[in-house]
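The lines below spell out each chain.
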Amino acid sequence: MNQAPATLGLRCQLKQPVALDLHLQIRGFTVLLGVSGAGKTSLLQAIAGLLPARVSPFGDLPVEQRPIGYLPQGYALFPHLRAWENVAFPLPRSARRHTEALALLQRVGLKELAERFPSELSGGQKQRVALARALARKPQLLLLDEPTSALDMATRDEVLDELIQEVHAFGIPLLAVSHDPHLAMLADHMAILREGRIIQEGPPVEVFARPQHQATAHLLGFRNFLSGRIEAQENAILRIAGAGWQLQAESSSALPVGSPVQLTWRAEDLFLEEKSGLPCPNRLLVRVRAGRAEGLSTRIYLEGPAPLEMLLSRQQAEAAQITPGSSLKVCIQPRHLQILVA
Ligand SMILES: Nc1ncnc2c1ncn2[C@@H]1O[C@H](COP(=O)(O)OP(=O)(O)OP(=O)(O)O)[C@@H](O)[C@H]1O
C-alpha cells in the first residue's frame, strides 16, 4: 500500500442491549477485538443506525441516508436474488441498474458470476457480493461483522488478503469486529473492546508485542499469568518476585520498587531447560498436569506458581517423554515476559 490509509474518528454511546461509551480511531482496515457478548455486533448496528444510540459522525442522519456499507455476519444476501440483483438492491430504479451492478461486481472481481444465486457461491464470493452491494451505497465507512466466520481455513488468508487490498484500493475506512486475533494481525490499526470501552488501540505490531491489560493479553492468545512485586530495577531489567519465584523481565519504563505487577507470556515462549542449550536466567519448577495434541504441537498444562501452559512441537514433547505428575524445569527469556498493569 502506497498511500496513507483512510481515517475516521468515531464516537458511540449506546445504552441497550449493552452499555458502550467509546472513541475509536478507524485507520484503513481496522479490527476491533472483543470476547463474545462484549457488544461488537451492537456497536456496528448502532453506527449503521439499526439501534438507537448517540453516534458521530452520521448519527444525525436517518438509516437509509447514512453513507455506511454494513456487512452483517453471514452477509444477509437475499437467497432468491441473483448476485447482480443483490448488488442492485440499494441502487435507484433506472435503466442503468443492471450495468451499474455489473460494474460493482467487476470491482470485486466477480462479474462472471453475476447470474449466480448466493447458494451457488463460496463463502469468500458471497463476501465479495456483499461488499459490492455495500459499495453501491457509495459509503464513507464500511462495517464488517466477523468477516472470517464463514470462511474455511484453507482459503481464509487468500480471501482476507484480497478484501484488504480492495479496501485499500477503494480508500474507504473499514471497521471489522471479531474475536479472531489472526484477523487483527492483518489490520492497519486494531483496538480492544472490554466492558463497553476501548482499553487499548494501536498498530497490531505494538498491541501484540505490548498488551497492557490481562484481558487484551488473553484475547491475543497469552495464557500464562503470574502476579508479583518489583524487587529491583537495573537499567532495562526488572527483577520481579512472588511466592517461591523470581524472574527477570525487560522493560523500558521505570516502575517503583514494591509495585504490584502481573507478568504474562505465550505458551510457545516457555521452553525445557535441559533440552534447549540456551542460557536460562528465568527458571520455574513445575509439575505436569496433562498434555493435549494441538495440530502438530502438544500443549502441556503445568502446575507451578500458577497454572501455566507450554506449547512444544510434537517431536520435542515425544523426546522429552513428558508424563502427567512428572516434575520439570522450564525457562522463559526476559524479553518474552510482558508486564501488565496490575
Ligand atoms: N436483541 C437482544 N436482546 C437482548 N439482549 C441482546 C440482544 N442482542 C444482544 N444482546 C446482548 O447484548 C450483549 C452484546 O451482544 P452483541 O451481539 O453485541 O455481542 P458480540 O460482542 O457481537 O458477541 P458475539 O461475538 O458472540 O457475536 C450480549 O450480552 C447479548 O446477550
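Summarised in this report is the structure supplied together with it. Everything numeric here is computed off the predicted structure, so don't read it as measured data.

Section: the overall build of the protein chain
Helix and strand counts for the protein chain stand at 10 helices and 19 strands. By principal-axis analysis of the C-alpha atoms, the protein chain measures approximately 75 × 45 × 40 Å. Out of the 342 residues belonging to the protein chain, those deemed buried represent 50%. Taking all contacts inside the protein chain whose residues are at least 6 apart in sequence as the whole, residues at least 24 apart take part in 63%. Of the roughly 16,800 Å² of accessible surface on the protein chain, a fraction of 50% belongs to carbon and sulfur atoms.

Structural notes on the packing of aromatic side chains
Across all of its chains, the model carries one aromatic pair by this definition. Taken together, a centroid distance of 4.6 Å and an interplanar angle of 50 degrees make the contact between Phe78 and Phe89 tilted. You can see Phe78 sitting in the loop between strand 5 (68-71) and helix 2 (83-88) and its partner Phe89 sitting in the loop between helix 2 and helix 3 (97-107), a full 11 residues away along the chain. A relative accessible area of 27% means that Phe78 is categorised as partly exposed. With relative accessibility at 48%, the residue Phe89 sits in the partly exposed group. The ring of Phe222 has Arg266 sitting right over it, with the charged end atom 4.3 Å from the ring centre.

Some details on the pairing of strand 3 (residues 29-33)
Along a regular strand, successive side chains alternate from one face of the sheet to the other. Burial runs high along strand 3: five of the five residues are buried. By the alternation rule, side chains of strand 3 split into Phe29, Val31 and Leu33 and Thr30 and Leu32, which are all buried. Bridge analysis of strand 3 against strand 7 (residues 174-178) gives five bridges, and the strand direction is parallel. Bridge pairing in strand 7 links Val31 to Ala176. Note: strand 3 against strand 8 (residues 189-194), four bridges, orientation parallel. For Thr30, the partnering residue across the bridge sits in strand 8 and is His189.

A look at the side chain of Thr298
As for its placement among the helices and strands, Thr298 is situated in strand 16 (residues 297-303). Sequence-distant contacts of Thr298, defined by excluding residues within four places in its chain, comprise Arg292, Ala293, Met310, Leu311, Leu312, Ser313, Arg314 and Ala317.

Here's the deal with helix 1 (residues 40-48)
Extensive coverage of helix 1 is indicated by the burial of seven of its nine residues. Taken as a whole, helix 1 has its buried residues at Lys40, Ser42, Leu43, Leu44, Ala46, Ile47 and Ala48. Once helix 1 ends, the next one or two residues include Gly49, with phi positive near 95 degrees.

Some thoughts on the site of the ligand
Close contacts around the ligand come from Pro17, Val18, Val35, Ser36, Gly37, Ala38, Gly39, Lys40, Thr41, Ser42 and Glu146, and that covers them all. Here the ligand, which alone exposes 640 Å², has 51% of that area covered by the protein. Partitioning the shell around the ligand into residue classes produces four nonpolar, five polar and two charged.

With respect to the side chain of Asn86
Mapped onto the elements, Asn86 comes out in helix 2. A polar contact of 2.7 Å, which involves the side chain of Asn86, links it to the backbone nitrogen of Phe78. The residues contacting Asn86, other than those within four sequence positions of it, are Leu77, Phe78, Leu81, Pro118, Val129 and Arg133.

Describing the environment of Ala83
Along the polypeptide, Ala83 turns up in helix 2. Take Ala83: its relative accessible area is 2%, and that puts it in the buried class. Put simply, Ala83 and Thr99 are 16 residues apart on the chain and 13 Å apart in space, counted from C-alpha to C-alpha. If we ignore the near neighbours within four places in the chain, the residues touching Ala83 are Leu105, Leu113, Ala114, Arg116 and Val129.

Notes on the pattern of salt bridges
When the charged atoms of two side chains lie near each other, side chains of opposite charge can form a pair. Overall, the coordinates contain nine salt bridges when judged by the stated rule. For Arg194, the salt bridge goes to Glu195, with nearest N and O atoms at 3.5 Å. The residue Arg239 makes a salt bridge to Glu234 at a minimum N-O spacing of 3.9 Å. Judged by relative accessible area, Arg239 falls into the partly exposed class, the value being 29%. Ionic contacts of the salt-bridge type, sharing partners, join the residues Arg292, Glu294, Arg299 and Glu309 into one network.

Here's the deal with the sheet that holds strand 1 (residues 7-14)
Sheets are built from strands paired through backbone hydrogen bonds, the pairs being either parallel or antiparallel. A sheet is described by the order of its strands in space; here three strands give the open sequence 2-1-4, paired in antiparallel fashion. The open sheet is flanked by strand 2 (20-27) and strand 4 (54-56), the only strands paired with a single partner. In this sheet, neighbouring strand axes are inclined to one another by 10 degrees on average, regardless of whether the strands run parallel or antiparallel. Pairing geometry for strand 1 and strand 2, over eight bridges, is antiparallel. When the bridges of strand 2 are listed, Leu8 appears paired with Ile26. Sitting on the sheet, helix 1 is in contact with strand 1, strand 2 and strand 4, with an inclination near 105 degrees to strand 1.

Conventions used here
- Residues numbered from 1 in each chain as written.
- Predicted model: local features only at pLDDT ≥ 70, side-chain atom pairs only at ≥ 80, totals over all residues.
- Heavy atoms only, no water.
- Helix = DSSP H or I, 4+ residues; strand = E, 2+ residues; numbered from the N terminus.
- Buried < 20%, exposed > 50% of the residue type's maximum accessible area, 1.4 Å probe, protein only.
- Contact = heavy atoms within 4.5 Å.
- Areas by Shrake-Rupley, 256 points an atom, 1.4 Å probe, with all protein chains shown as cover.
- Phe/Tyr/Trp six-rings, centres within 6.5 Å; stacked < 30°, edge-to-face > 60°.
- Lys NZ or Arg CZ within 6 Å of the ring centre and 35° of its normal.
- Pairing = 2+ DSSP bridges.
- Near = heavy atom within 4 Å.
- Nonpolar A, V, L, I, M, F, W, Y, C, P; charged D, E, K, R; others polar.
- Polar contact = N/O pair within 3.5 Å; in protein donor to acceptor, adjacent residues only side chain to side chain.
- Salt bridge = Lys/Arg side-chain N within 4 Å of Asp/Glu carboxyl O.
- Axes fitted to C-alpha atoms, helices over the stretch in contact; angles between N-to-C directions.

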